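Chain and residue survey
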Amino acid sequence: MASVPVIAPWQLGVALVFIAGAGAASVWLKLGLGKQLLVGVVRTFLQLFLLGYALVYIFRVNSPWLVVGGFLVMVVFAARIVSGRLNAPQLRVFNPIFLSMLLSYGVISYLVVGVVVGAQPWWNPKFFLPLAGMVVGNSMNAIALALERLLGEVENRRAEIECWLMLGAEPTEATASIFAASVRAGMIPSINAMMGVGVVFIPGMMSGQILAGVDPTLAIRYQIVVMLMLVGSTTLGSTMGVWLIRRRLFGPGWQLLWPREGA
Amino acid sequence: MALVKAENLGVEIGGQWILRGIELVVGKGELVWISGPSGGGKSTLLRALVRLVEPAEGRVVVLGKDARGWLPSMLRRTMVMVPQQPVMAEASVADNLLLPLTFKVSRELPRPNKNELEELLGRVGLGDVELELSARRLSVGQAQRLALARALLLRPRVLLLDEPLAPLDEEATELVLKLVRDFISAGGSAVVVSHQPPGAYTTHLQLNRGRIRPQED
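Residues numbered from 1 in each chain as written. Chains lettered and ligands numbered in written order. Predicted model: local features only at pLDDT ≥ 70, side-chain atom pairs only at ≥ 80, totals over all residues.

1. Structural notes on the overall build of chain B
If you tally the helices and strands in chain B, you get six helices and 10 strands. Relative to the globule expectation of 17 Å for 217 residues, the C-alpha radius of gyration of chain B, 17 Å, shows essentially globular dimensions. Over its C-alpha atoms, taken along the principal directions, chain B stretches across nearly 45 × 35 × 35 Å. Counting all 217 residues of chain B, 46% fall into the buried class. Long-range pairs, those at least 24 residues apart, make up 71% of the contacts in chain B between residues at least 6 apart in sequence. (Helix = DSSP H or I, 4+ residues; strand = E, 2+ residues; numbered from the N terminus. Rg over C-alpha atoms; globule rule 2.2 N^0.38 Å. Buried ≥ 20, exposed ≤ 12 C-beta atoms within 10 Å, placed from the backbone. Contact = placed C-beta atoms within 7 Å.)

2. Examining the overall build of chain A
Across its full length, chain A holds 10 helices and zero strands. In chain A, the succession of helices and strands from N to C terminus is α-α-α-α-α-α-α-α-α-α. Taken along the three principal axes of its C-alpha coordinates, chain A extends 70 × 55 × 40 Å. Summarising the internal contacts of chain A: among those between residues at least 6 apart in sequence, 71% fall at separations of at least 24.

3. Examining the interface of chain A and chain B
Taken together, the 18 residues of chain A in the interface contact 26 residues of chain B. Sorting elements by how many residues they give to the side of chain A that touches chain B places helix α6 (residues 158-166) of chain A first, with six residues. In terms of residue class, the side of chain A that touches chain B is made up of eight nonpolar, five polar and five charged. (Nonpolar A, V, L, I, M, F, W, Y, C, P; charged D, E, K, R; others polar.)

4. Focus: the sheet that holds strand β1 (residues 4-13) of chain B
Residue and element names in this part refer to chain B. Ordered by their spatial adjacency, four strands build an open sheet running β2-β1-β4-β5, and the pairing between neighbours is antiparallel. Strand pairing shows two members of the sheet lacking a second neighbour, β2 (16-26) and β5 (65-66), which therefore form its edges. Note: β1 against strand β4 (residues 57-62), five bridges, orientation antiparallel. For Ala6, the partnering residue across the bridge sits in β4 and is Val60. (Pairing = 2+ DSSP bridges.)

5. A few points about the domain arrangement of chain A
Residue and element names in this part refer to chain A. Taken domain by domain, chain A holds domain 1 (11-61) and domain 2 (63-248). Between domain 1 and domain 2, the C-alpha centre-to-centre distance is 27 Å. Taken together, the contact pairs four residues of domain 1 with seven residues of domain 2. When grouped by side-chain class, the residues that make up the side of domain 1 that touches domain 2 number four nonpolar, no polar and no charged. (Domains from an automatic or database assignment.)

6. Focus on the packing of helix α4 (residues 94-116) of chain A against helix α10 (residues 216-248) of chain A
Residues and elements named next belong to chain A. Put simply, α4 and α10 touch, their axes get as near as 8 Å, and they point 155 degrees apart. Viewed along their axes, α4 and α10 adopt a mutual orientation that is roughly antiparallel. In this structure, α4 meets α10 at a crossing whose hand is right-handed. Residues Pro96, Ile97, Leu99, Ser100, Met101, Leu103, Ser104, Tyr105, Val107, Ile108, Val112 and Val116 of α4 touch α10, and the partners they reach there are Val225, Met229, Gly232, Ser233, Leu236, Gly237, Met240, Gly241, Leu244, Ile245 and Arg248. Taken together, the residues of the contact of α4 with α10 sort by class into 16 nonpolar, six polar and one charged. (Axes fitted to C-alpha atoms, helices over the stretch in contact; angles between N-to-C directions. Parallel < 35°, antiparallel > 145°, perpendicular 65-115°, else oblique. Left-handed = near helix turned anticlockwise from the far one by under 90°.)

7. Looking at the packing of helix α8 (residues 176-196) of chain A against α10(A)
Residue and element names in this part refer to chain A. Taken N-terminus to C-terminus, the directions of α8 and α10 make an angle of 165 degrees; their axes are 9 Å apart at the nearest point. The orientation of α8 with respect to α10, classified from their angle, is roughly antiparallel. The handedness of the crossing between α8 and α10 is right-handed. Packed against α8, whose contacting residues are Phe179, Ser182, Val183, Gly186, Met187, Ser190, Ile191, Ala193 and Met194, the element α10 presents Met227, Leu230, Val231, Thr234, Thr235, Ser238, Thr239, Val242 and Arg246 at the interface.

8. Considering the nonpolar core
Formed by 116 residues in total, the largest nonpolar core has its most connected members in B:Leu49, B:Leu160 and B:Ala190. Residue contributions to this core peak at 17 residues, all from helix α5 (residues 125-156) of chain A. (Core = buried A, V, L, I, M, F, W, Y, C linked by C-beta atoms within 7 Å.)

9. Here we look at unusual backbone geometry
Residue and element names in this part refer to chain A. The peptide bond linking Gln120 to Pro121 adopts the cis configuration, its omega dihedral lying at -10 degrees. Relative to the helices and strands, Pro121 is located in the loop between α4 and α5. Here the bond from Trp258 into Pro259 is cis, since omega is -15 degrees, no more than 30 degrees from zero. Summarising the element assignment, Pro259 is placed in the segment after α10. Even without being glycine, Lys30 reaches a positive phi, approximately 55 degrees. For Lys30, the position within the fold is in the loop between α1 (9-28) and α2 (34-61). For Arg92, which is not glycine, the phi dihedral falls at a positive 50 degrees. Mapped onto the elements, Arg92 comes out in the loop between α3 (64-86) and α4. Residue Arg92 is classed as exposed on the basis of its 10 C-beta neighbours within 10 Å.

10. So, the sheet that holds strand β3 (residues 31-35) of chain B
Residues and elements named next belong to chain B. Spatial ordering of the open sheet is given by β6-β7-β8-β3-β9-β10, a layout of six strands whose pairing is mixed. A strand with exactly one partner marks an edge of an open sheet, and here the two such strands are β6 (79-82) and β10 (211-213). The sheet shows a mean angle of 25 degrees between the axes of neighbouring strands, direction not considered.

11. Things to note about the confidence of the model for chain B
Summary statistics for chain B give a mean pLDDT of 93 and a share of 98% for residues scoring 70 or more. Across the interface, the model reports ipTM at 0.95; the global pTM reads 0.89. (pLDDT = per-residue confidence, 0-100.)

12. A few points about the pairing of β1(B)
All names here are of chain B. Across seven bridges, β1 lies against β2 in antiparallel orientation. When the bridges of β2 are listed, Val4 appears paired with Val26. Counting the residues between successive antiparallel strands, the hairpin from β1 to β2 contains two residues, one of them, Gly14, with a positive phi of roughly 55 degrees.

13. Here we look at the environment of A:Val200
Residues and elements named next belong to chain A. Its location among the elements puts Val200 in the loop between α8 and α9 (204-211). When the 9 C-beta atoms within 10 Å are taken as the criterion, Val200 is described as exposed. Between the C-alpha atom of Val200 and that of Met166, which follows or precedes it by 34 residues, the distance is 49 Å.

Set out below in structure tokens:
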């Protein structure tokens, strides 16, 4: 494996020139993004340094509990981000989102690391954490898209849903087409990504492996696994998320509770 | 025995009482007419009868059994509500008529053939409408009558009609009233929310600000 050039602290500093350029543009064009840029840079440095040292520690200790704990922390943060994006406090969406992420991402990460890659043991942190991190990061967006679609459609098509309920439909029947549209909305980005990969863009993981000296023919195999696992995790995560949140939209008498009447 | 009874029914939405102290009895073969100013709670009353809104107090009893004890889909098939602005699926007239028969609770009901559907359309004054036509292309008045035909296919015991006459011209109004009369003569019952009397009625309730007003007629 070729040695990887080390990026010295002064070289990291040089990379800040891009931010300086963006900051200058913000001032010149009156974009008002100066503060966000500054906060973004500080957070990028801080979060990635912390992650780097945390990973060094986890790799050294090599404990399944730490690996699973790290995975749980990622899922909790992802569920918080998606819950916040939905802005529907009365639905109490955190628990169902957390549950659907935990189960779907857990199953997919285990299958990829333990079965497809065949890492020994399955929780080997060098494989499990980067791959699970990609599952969580990419699929989080899919669940958010699916749930935004679900809540938006239910709000817009409330009269239609109620009309079917009046005619004896069960909630699952009255929202069948919305359910499908929502899961589809979650899955489309990962399917589109398969269309463009290698032609329109070189994915970050593959680029990273090649930069680290891995044979590109091996890097593509990992990338293929990643693309396929993302389709799996977005499908499973979106389906579970939409299924669980849809149940919260109806009351015990199968009456539609979202958006709340009179609210 | 009363088919439907509302006992001291109250509905609260967003901290405001929309209905309070409602008493209502609908017997077999009876037509109850509900009138009153807009925003008086008429539609909410119909919705509460089929549990589309949950009463905050009191209860609804249907065929001797508390509405909360019914499977909601069976309750709504037994007592079908036709809203003021019925929705048509993006499908043909025929598919819209048959749609409720695809729901789990109604799958055992007989599926009408093409002739029976055409005959039904004729009864609601839509004899010139093709079964294959997209239902979304119907006028509001036509859609209202199609919705009534769709409800009748479920063979309900009680029809709840929310302003069924509002979008109709004189001829269509007469047709719908006749249809309701026929339904009642065949042993059905109906609760009709309307500004004008829906023909010969058994009981008239006037709702104002969520309460039943003393009758003047």
